[in-house]
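Architecture at a glance
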Amino acid sequence: MTDLVIGADGLPRCAWGASTPDYAVYHDTEWGRPLHGDDALYERMTLEAFQSGLSWLTILRKRPAFRLAFDEFHIPTVAGYGEADVTRLLADAGIVRNRAKIEAAIANARAALELPDGLSALLWSYAPAPRPTRPTSFAEVAAITPESTAMAKALKKRGFRFVGPTTAYALMQATGMVDDHLAGCHVTVPPTA
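Presented here is an overview of the structure given in this document. (Residues numbered from 1 in each chain as written. Predicted model: local features only at pLDDT ≥ 70, side-chain atom pairs only at ≥ 80, totals over all residues. Heavy atoms only, no water.)

**Overview of the overall build of the protein**
- Along the backbone of the protein there are 9 helices and 2 strands.
- Mapped in sequence order, the helices and strands of the protein form the string β-β-α-α-α-α-α-α-α-α-α.
- The C-alpha radius of gyration computed for the protein amounts to 17 Å, which stays within 12% of the reference 16 Å derived for 193 residues, consistent with globular compactness.
- Each of the three principal axes of the protein carries a C-alpha extent, and together these read 50 × 35 × 25 Å.
- Taken across its 193 residues, the protein has 46% of its residues classed as buried.
- Pairs at least 24 apart in sequence give 68% of the contacts found in the protein among residues at least 6 apart.
- Carbon and sulfur atoms form 58% of the exposed surface of the protein, whose accessible area is close to 9,100 Å².
- Within the protein, the 21 negative side-chain charges are centred at a point lying 4 Å from the centre of the 19 positive side-chain charges. (Helix = DSSP H or I, 4+ residues; strand = E, 2+ residues; numbered from the N terminus. Rg over C-alpha atoms; globule rule 2.2 N^0.38 Å. Buried < 20%, exposed > 50% of the residue type's maximum accessible area, 1.4 Å probe, protein only. Contact = heavy atoms within 4.5 Å. Areas by Shrake-Rupley, 256 points an atom, 1.4 Å probe, with all protein chains shown as cover. Lys, Arg positive; Asp, Glu negative; His and termini not counted. Charge placed at Lys NZ, Arg CZ, Asp CG, Glu CD.)

**A look at the state of the cysteines**
- In the structure shown here, the tally under the stated rule is 0 disulfides.
- Summary of cysteine pairing: Cys 14 is not part of a disulfide, and the nearest cysteine sulfur, belonging to Cys 185, is at 4.0 Å.
- Looking at Cys 14, the relative accessible area reads 0%, which means it is buried.
- Among the residues examined, Cys 185 registers a relative accessible area of 8% and is labelled buried. (Disulfide = S-S within 2.5 Å.)

**Describing the side chain of His 181**
- Tracing the backbone shows His 181 in the segment after helix 9 (165-174).
- Apart from residues no more than four positions distant in its own chain, His 181 is found in contact with Cys 14, His 27, Trp 31, Gly 32, Arg 134, Pro 135, Val 187 and Val 189.

**Description of helix 1 (residues 21-29)**
- Where helix 1 is concerned, the buried positions are Tyr 23, Ala 24, Tyr 26, His 27 and Asp 28.
- On the buried face of helix 1, the contacting elements are strand 2 (12-14), helix 2 (38-51), helix 3 (56-69) and helix 9.

**Some details on the packing of helix 1 against helix 3**
- The interhelical angle for the contact between helix 1 and helix 3, taken along N-to-C directions, is 80 degrees, at an axis separation of 10 Å. Relative to helix 3, the element helix 1 is oriented roughly perpendicular. On helix 3, the residues touching Asp 22, Tyr 23 and Tyr 26 of helix 1 are Trp 56, Leu 57, Leu 60 and Arg 61.
- The class makeup of the residues in the contact of helix 1 with helix 3 is 5 nonpolar, no polar and 2 charged. (Axes fitted to C-alpha atoms, helices over the stretch in contact; angles between N-to-C directions. Parallel < 35°, antiparallel > 145°, perpendicular 65-115°, else oblique. Nonpolar A, V, L, I, M, F, W, Y, C, P; charged D, E, K, R; others polar.)

**Some points on the nonpolar core**
- Ranked by size, the top nonpolar core spans 48 residues in total, and within it Phe 66, Phe 70, Leu 119, Leu 123, Leu 155 and Phe 160 carry the most contacts.
- Those residues in contact with Leu 155 that lie beyond four places of it in its chain are Met 45, Leu 119, Leu 122, Leu 123, Phe 160 and Val 163. (Core = buried A, V, L, I, M, F, W, Y, C linked by side-chain atoms within 4.5 Å.)

**Comments concerning unusual backbone geometry**
- Here Glu 72, not a glycine, exhibits a phi torsion of approximately 60 degrees, which is positive.
- Residue placement: Glu 72 occurs in the loop between helix 3 and helix 4 (75-79).
- With relative accessibility at 53%, the residue Glu 72 sits in the exposed group.
- Its identity is not glycine, yet Phe 73 carries a phi of approximately 60 degrees, on the positive side.
- Mapped onto the elements, Phe 73 comes out in the loop between helix 3 and helix 4.
- Given the relative accessible area of 0%, Phe 73 is considered buried.

**Some points on the packing of helix 5 (residues 83-90) against helix 6 (residues 99-113)**
- Their axes nearest at 10 Å, the elements helix 5 and helix 6 cross at an angle of 135 degrees. The angle between helix 5 and helix 6 places the two elements in the oblique class. By crossing handedness, the relation of helix 5 to helix 6 is classed as right-handed. Residues Glu 83, Val 86, Leu 89 and Leu 90 of helix 5 form the contact with helix 6, whose participating residues are Arg 99, Ile 102, Glu 103 and Ile 106. (Left-handed = near helix turned anticlockwise from the far one by under 90°.)

Below you can see the structure in the form of structure tokens.
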């Protein structure tokens with residue numbers, strides 16, 4: 001499989017984005033598009049953490065259940081969760097039931113509340129300058145960058161969990177802090193500013 005393929009609809013896209021209908025929609029409408037807002041970025045950070053060790057497709061298909069279980073990822077609400085909520089989440093078959101990740105999601109909401117300028121401002125402060133051209137293959141895309149390493153370090157310093165450099169870079173890709181769509185992909189990403 002090459003890194004860029006022509007989909008059934010005749011459009012060129014990153015190969016992973018053509019591998020399933022769910023991925024095609026996600027690739028074409030969300031991945032790599034600039035996303036702002038504390039709750040929206042908290043959701044993506046949480047889902048990236050839950051994805052660790054699993055397929056993103058698993059998380060994508062469970063996203064509606066995650067949104068319901070985590071009160072639409074409203075930071076103040078999740079920050080107020082207690083042990084009864086952890087028990088409730090561990091019993092919810094619609095999500096990934098991992099105690100460490102559930103507890104990290106709650107701790108991260110609490111940490112996000114402590115940020116004076118908000119989560120969105122902090123995360124976007126680590127976005128690198130746009131590259132002059134898109135990569136021509138995924139071999140040109142690193143899993144960890146100096147910016148993702150710095151972001152992960154800053155988050156951990158503030159009490160966030162499950163936010164290593166690889167997860168931070170996946171978050172940067174998913175939320176448009178970087179544009180890793182390949183050269184020739186039909187998706188046009190608006191500027192990050």
